[in-house]
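Spelled out, the chains give:
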Amino acid sequence: MRALYTSASGMTAQQLNLDVIANNLANVNTSGYKKTSAHFQDLLYQSLRTPGAGSGAGGTLPTGSQVGLGVTSGTTSNIFTQGTITQTGNDYDVAIKGQGFLSVLLPDGTSAYTRDGSLNIDAQGKLVTGEGYAIQPEIIIPPDKTSVTISPEGAVTVTRAGQNNSEQVGQIKLTRFINPQGLQNLGGNLMKPTGASGDPVDDTPGQNGLGTIIHKSVEAANVEVVEEMIRMITVQRAYETNSKAIMAADEMLQGANNIKR
């Protein structure tokens, strides 16, 4: 009976859907996190009658008869809507308002990209992420600084002790991709480009469609808890309905088995 396998595929799909929702809710307080959405595809169809085929009376069938065989998981994609920007007061925190990513240098020499602007400095004064990955291009904060200012265009200026005039010590660049949904999640708030995302293009914040920098702030996750809870209820109901379809198919098979008694 097809219904058994079809409903089982539906239950498996809803399990994946719940996994995605659970991950979104788990990262509701993760800075720069972008929520994920699961997409599904229907499986192959068994054609009992093909539309347009000839009929026994010499005519043509106006409609056909096809039975679907269930659902399969398609893709999961990040949704890059803007998260709420929250002021932190930290001299090195930055939030991106609009499109773009910060570029960081990984220990293996490759680049990764993040929306998490919770930054700090290391022992050499380099501007780094919470995991210690240096921002690219490299920015070094002098040890005798008394204040740090980051402009909406990414210019990093400091005031040194005993000086009245500020001095620019670096420039934060943002990176854009033709298809950011094609980026691969690495964990640790990092993503890396793939063949689907296109090549990274670096530019000054505020230029060519890139967002701007908001100093002493971070971007919160774009997860809406109420929205995810509603999705979770929908998933639960869909899972229960598929399980009831399996029970109905089982009862029908049981009835067929009992005919000979």
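Below you will find a few notes about this structure. From a predicted model like this one, the values you see are computed outputs, not experimental measurements. (Residues numbered from 1 in each chain as written. Predicted model: local features only at pLDDT ≥ 70, side-chain atom pairs only at ≥ 80, totals over all residues. Heavy atoms only, no water.)

Right, let's talk about the overall build of the protein for a bit. The number of helices and strands found in the protein is two helices and 20 strands. A compact globule built from 261 residues should have a C-alpha radius of gyration of about 18 Å, whereas the protein, at 27 Å, is more than 25% larger. In terms of overall dimensions, the protein has a C-alpha envelope of 100 × 45 × 35 Å along the principal axes. Across the 261 residues in the protein, those meeting the buried criterion constitute 33%. Relative to all contacts within the protein whose residues are 6 or more apart in sequence, the contacts with residues 24 or more apart total 63%. Roughly 14600 Å² of accessible area belongs to the protein as shown, and the carbon and sulfur atoms make up 51% of that amount. (Helix = DSSP H or I, 4+ residues; strand = E, 2+ residues; numbered from the N terminus. Rg over C-alpha atoms; globule rule 2.2 N^0.38 Å. Buried < 20%, exposed > 50% of the residue type's maximum accessible area, 1.4 Å probe, protein only. Contact = heavy atoms within 4.5 Å. Areas by Shrake-Rupley, 256 points an atom, 1.4 Å probe, with all protein chains shown as cover.)

Across its 33 residues, helix α2 (residues 225-257) extends 48 Å between first and last C-alpha, which sits within 8% of the 48 Å expected from 1.5 Å per residue. Looking at α2, one finds that the buried residues are Glu-228, Val-235, Asn-242 and Ala-249. In this structure, the buried side of α2 is in contact with α1 (2-26). (Expected span 1.5 Å × (residues − 1).)

Right, let's talk about the sheet that holds strand β13 (residues 155-160) for a bit. Across the sheet, three strands lie side by side as β12-β13-β14; this open sheet has antiparallel pairing. The sheet is open, and its two edges are formed by β12 (145-150) and β14 (167-171), each paired on a single side. Direction aside, neighbouring strands of the sheet carry axes that sit 25° apart on average. Where β12 and β13 come together, five bridges link them in antiparallel fashion. The residue bridging Thr-149 from the neighbouring strand is Thr-157, located in β13. (Pairing = 2+ DSSP bridges. Axes fitted to C-alpha atoms, helices over the stretch in contact; angles between N-to-C directions.)

With that settled, consider the side chain of Asp-116. Topologically, Asp-116 is positioned in the loop between β8 (111-114) and β9 (120-121). A polar contact of 2.8 Å, which involves the side chain of Asp-116, links it to the side chain of Asn-189. Those residues in contact with Asp-116 that sit more than four places away from it in its chain are Ser-31, Gly-32, Leu-102 and Asn-189. (Polar contact = N/O pair within 3.5 Å; in protein donor to acceptor, adjacent residues only side chain to side chain.)

Just geometry here; none of it tells us what the structure is for.
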